[in-house]
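Examination of the molecular architecture
So the chains spell out like this:
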Amino acid sequence: MGPREVLADEIRAMVTNCAVCERDARDAEREMGIVLGLDAIAHPEDAFDYDLVPHQRGRHREKLRENIRQWAALGES
């Protein structure tokens with residue numbers, strides 16, 4: 001498995017396990033004009049509030065965004 005696939009798996013795991021990460025990933029898709037293929041992943045709206053409480057959003061968001069940036073860069077090269 002190549003580096004792009006490893007990043008895609010890590011992104012998918014974060015998004016699958018957390019409604020906050022899902023929202024952040026979808027925001028990144030819109031902002032960057034990319035498609036991460038997250039169509040099958042959807043959390044109920046109230047999961048966002050539930051996940052946000054224990055979530056260290058700043059650190060988690062930065063890790064997710066960095067993974068997405070690297071994934072997008074590997075696709076362009």
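The paragraphs below set out a description of the structure included in this document.

Regarding the packing of helix H2 (residues 19–32) against helix H3 (residues 45–52)
Two elements in contact, H2 and H3, have axes whose closest approach is 7 Å; the angle formed by their N-to-C orientations is 110°. With respect to H3, the element H2 is oriented roughly perpendicular. Two secondary-structure elements touch here, H2 through Ala19, Val20 and Arg23 and H3 through Glu45, Ala47, Phe48, Asp51 and Leu52. In terms of residue class, the contact of H2 with H3 is made up of 5 nonpolar, no polar and 3 charged.

A closer look at H3
Among the residues making up H3, those that are buried are Ala47, Phe48 and Asp51. Buried residues of H3 fall within an arc of 110° about the axis and therefore sit on the same side. In H3, those exposed residues whose orientation departs by more than 90 degrees from the buried face are Glu45, Asp46, Asp49 and Tyr50.

Observations regarding the nonpolar core
In summary, soluble globular proteins display a tendency toward joint burial of nonpolar side chains. Ranked by size, the top nonpolar core spans 20 residues in total, and within it Ile11, Val15, Ala25, Leu36, Leu64, Ile68 and Trp71 carry the most contacts. Elements with a minimum of two residues in this core: helix H1 (3–17), H2, H3 and helix H4 (57–76).

Some remarks on the pattern of salt bridges
Here the structure, examined in full by the defined rule, presents 8 salt bridges. We note a salt bridge from Asp24 to Arg61, for which the minimum N-O separation is 3.1 Å. You can see Asp24 sitting in helix H2 and its partner Arg61 sitting in helix H4, a full 37 residues away along the chain. You can call Asp24 buried: its relative accessible area is 1%. Look at Arg61 and you get partly exposed, because its relative accessible area is 31%. Measuring nitrogen to oxygen at the nearest pair gives 3.2 Å for the salt bridge that ties Arg69 to Glu66. A residue pair is termed a helical-turn pair when its members lie 3 or 4 positions apart in one helix, as Arg69 and Glu66 do in helix H4 at 3 residues. Classification of Glu66 as partly exposed rests on a relative accessible area of 33%. In this structure, a network of salt bridges that share partners links the residues Glu62, Glu66 and Arg69.

Thresholds applied
- Residues numbered from 1 in each chain as written.
- Predicted model: local features only at pLDDT ≥ 70, side-chain atom pairs only at ≥ 80, totals over all residues.
- Heavy atoms only, no water.
- Axes fitted to C-alpha atoms, helices over the stretch in contact; angles between N-to-C directions.
- Helix = DSSP H or I, 4+ residues; strand = E, 2+ residues; numbered from the N terminus.
- Parallel < 35°, antiparallel > 145°, perpendicular 65-115°, else oblique.
- Contact = heavy atoms within 4.5 Å.
- Nonpolar A, V, L, I, M, F, W, Y, C, P; charged D, E, K, R; others polar.
- Buried < 20%, exposed > 50% of the residue type's maximum accessible area, 1.4 Å probe, protein only.
- Arc of directions from axis to C-beta.
- Core = buried A, V, L, I, M, F, W, Y, C linked by side-chain atoms within 4.5 Å.
- Salt bridge = Lys/Arg side-chain N within 4 Å of Asp/Glu carboxyl O.

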